[in-house]
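Now for the letters of each chain:
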Amino acid sequence: MLPFELLKPTSFDEAIELLSLDPDNSKSIAGGTALMLMMKSQIFTPTQVISLRNIKDSSYIKSESNGEISIGALTKLSDLENSAIIAKHAPVISRAMIKLANVRVRNSATLGGALSHGDPHMDLPPILSALSANARTISPEGKRTIPVDSLHIGYYETCLEPNELIYEITLPANISPYSSYLKCTTRSADDWPALGVAVNLMIENNHIESSRIFMGSIADTPTRLIELEKRLSNQDLTPALLISAAEFASEEIDPVSDHLGSAEYKRQLAKVYVKRALLEAYNNGVNYVK
Ligand SMILES: Cc1cc2nc3c(=O)[nH]c(=O)nc-3n(C[C@H](O)[C@H](O)[C@H](O)COP(=O)(O)OP(=O)(O)OC[C@H]3O[C@@H](n4cnc5c(N)ncnc54)[C@H](O)[C@@H]3O)c2cc1C
């Protein structure tokens, strides 16, 4: 790793000021679980590393009066995993966390880092996209709100400016408990997924009103299955629908081969995992205890 200067601002304002001094040669660091590996392999060679860890009041999980949940960007993944608020409001996140990397990584990695890294194999971007979460950002231009489903624009690429930071993530009020996330790993259960499917069903008495379905690990960004969502809309959830939806999904996607599986393999996984994820979302909703 090449030498660098480590700076430790105590506010987001100070951090974006430091990032703006030399954006091309600066990187922010939160948990460091992704950035350190990229710096060691010299994919990134910043001369200034701006640690976000000393920023005051940047780690929290709060229920707001309008029913939304606000999560500070520096909140550790293990805090999400163990949060009673998350378990009640968005249990799909708590359940997914157990299979995301390992305890050591979750104890360091932050939610802001998980959304900013931009690796298309990550678990949280499709989940938070399916839940219609938003990322709130700050830069010298001011603050803006970016839907998580628009954050990722390419392979390891987000729409964030070099001197823009996520300071908070918000989950909408009244998330449907009919939600699931399933990942297929080819090695251990907590490995990077060869395919991940996040499902969020708005359902009333077995009747699907609408849905949000995102797949990870099949393209350079999380992929929304818009045609499948249309196909499921206004349908009763029946075994026949599950089978046809799974077939339909595997035809809608255009997966790319990578080190975790060939395109053909991922298409086959989609067929199996969409069906399972829909069924699991339904069961999670039926068994949800307020
Ligand atoms: C062994 C191992 C196994 C893993 N397995 C999985 C897995 O199964 N599933 C999975 O989803 N992930 C997995 N990961 C990835 C892990 O989730 C990420 O490394 C982690 O979420 C990144 O968060 P961080 O806080 O450590 O980010 P950092 O490494 O600190 O930063 C990552 C990137 O985000 C930027 N950044 C950080 N915070 C912000 C912010 N607030 N605003 C804007 N930009 C910011 C940094 O500049 C950097 O470019 C694994 C990682 C390791 C090391």
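Residues numbered from 1 in each chain as written. Predicted model: local features only at pLDDT ≥ 70, side-chain atom pairs only at ≥ 80, totals over all residues. Heavy atoms only, no water.

Colleague: Got a minute to help me understand the pattern of salt bridges in this structure?
Modeller: Side chains that carry opposite charge are capable of pairing whenever their charged atoms lie near each other. Within the structure shown, the criterion is met by ten salt bridges. The salt bridge involving arginine 136 is made with glutamate 168; its shortest N-O contact spans 2.7 Å. With arginine 136 in strand S6 (residues 134-139) and glutamate 168 in strand S10 (residues 165-171), this residue pair connects regions lying 32 residues apart in the sequence. Since its relative accessible area comes to 26%, arginine 136 is described here as partly exposed. Note that aspartate 258 and lysine 266 form a salt bridge whose closest N and O atoms lie 3.1 Å from each other. Take lysine 266: its relative accessible area is 0%, and that puts it in the buried class. (Salt bridge = Lys/Arg side-chain N within 4 Å of Asp/Glu carboxyl O. Helix = DSSP H or I, 4+ residues; strand = E, 2+ residues; numbered from the N terminus. Buried < 20%, exposed > 50% of the residue type's maximum accessible area, 1.4 Å probe, protein only.)

Colleague: So what exactly am I meant to see when it comes to unusual backbone geometry here?
Modeller: Trans peptide bonds make up most of the peptide bonds, and negative phi angles are found at most residues other than glycine. Look at aspartate 57: it is not a glycine, yet its phi comes out positive at around 55 degrees. With respect to the secondary-structure elements, aspartate 57 resides in the loop between strand S3 (48-51) and strand S4 (61-63). Phi angles above zero are rare outside glycine, and alanine 101 is one such case at about 55 degrees. Relative to the assigned elements, alanine 101 resides in the loop between helix H5 (91-97) and helix H6 (103-108). Note on alanine 101: relative accessible area 22%, which makes it partly exposed.

Colleague: Got a minute to help me understand empty space enclosed by the protein in this structure?
Modeller: Summary: where empty space remains is shown by rolling a probe the size of a single water molecule over the atoms. Evaluation of the coordinates by the stated rule reveals one cavity of 30 Å³ or more. By volume, the largest cavity amounts to about 30 Å³. Lining the largest cavity, in full, are Ile71, Leu80, Ile93, Leu111, Leu124, Leu128 and Leu171. Grouping the constituent residues of the lining of the largest cavity by class yields seven nonpolar, no polar and no charged. (1 Å grid on protein atoms, 1.4 Å probe; cavity = no way out; pocket = protein on both sides within 12 Å on 5 of 7 lines; lining within 4 Å. Points joined across faces, edges and corners; volume = space filled by probe spheres on them. Nonpolar A, V, L, I, M, F, W, Y, C, P; charged D, E, K, R; others polar.)

Colleague: Any chance you could explain the environment of asparagine 54 here in plain terms?
Modeller: Here asparagine 54 lies in the loop between S3 and S4. Sequence separation between asparagine 54 and threonine 10 is 44 residues; the distance between their C-alpha atoms is 5.1 Å. Sequence-distant contacts of asparagine 54, that is, excluding residues within four places in its chain, are made with Lys8, Pro9 and Thr10. (Contact = heavy atoms within 4.5 Å.)

Colleague: I keep staring at the sheet that holds strand S5 (residues 69-72) and nothing clicks. Help me out?
Modeller: For sheets, the rule is that strands pair by backbone hydrogen bonds, running either parallel or antiparallel. In space, the five strands of this open sheet follow the order S4-S5-S10-S6-S7, with antiparallel pairing throughout. The open sheet is flanked by S4 and strand S7 (142-147), the only strands paired with a single partner. Taking each pair of neighbouring strands and ignoring which way they run, the sheet shows an average axis angle of 25 degrees. Where S4 meets S5, three bridges bridge the pair, whose relative direction is antiparallel. Within S5, the position partnered with lysine 62 by the bridge is serine 70. Each of S6 and S10 touches helix H1 (residues 12-21); the most contacted strand, S10, lies at about 135 degrees to it. (Pairing = 2+ DSSP bridges. Axes fitted to C-alpha atoms, helices over the stretch in contact; angles between N-to-C directions.)

Colleague: It is not clear to me how the site of the ligand should be interpreted in this structure. Could you clarify?
Modeller: The local shell around the ligand holds 30 residues, among which Ser28, Ala30, Thr33, Thr110 and Asp123 are the closest. In this structure, serine 28 approaches the ligand through a main-chain N or O atom, which is 2.6 Å from an oxygen atom. In the environment of the ligand, an oxygen atom lies 2.8 Å from a nitrogen or oxygen atom belonging to the backbone of glycine 31. When isolated, the ligand has an accessible area of 970 Å², and the protein chains bury 90% of it. Those elements that provide at least two residues to the shell around the ligand are strand S2 (26-29), helix H7 (111-116) and S10. Tallying contributions element by element places H7 first for the shell around the ligand, with four residues. (Near = heavy atom within 4 Å. Polar contact = N/O pair within 3.5 Å; in protein donor to acceptor, adjacent residues only side chain to side chain. Areas by Shrake-Rupley, 256 points an atom, 1.4 Å probe, with all protein chains shown as cover.)

Colleague: Would you mind showing me how to read the packing of aromatic side chains here?
Modeller: Describing an aromatic ring pair means giving the distance of the ring centres and the angle of the ring planes. In total, this model carries three aromatic pairs according to the counting rule given. The interplanar angle of 90 degrees and the centroid separation of 4.9 Å between the aromatic rings of tyrosine 155 and tyrosine 156 together place this pair among those described as edge-to-face. With relative accessibility at 32%, the residue tyrosine 156 sits in the partly exposed group. Lying across the ring of phenylalanine 44, lysine 27 places its NZ or CZ 4.1 Å from the centre. The ring of tyrosine 273 has arginine 276 sitting right over it, with the charged end atom 5.1 Å from the ring centre. (Phe/Tyr/Trp six-rings, centres within 6.5 Å; stacked < 30°, edge-to-face > 60°. Lys NZ or Arg CZ within 6 Å of the ring centre and 35° of its normal.)

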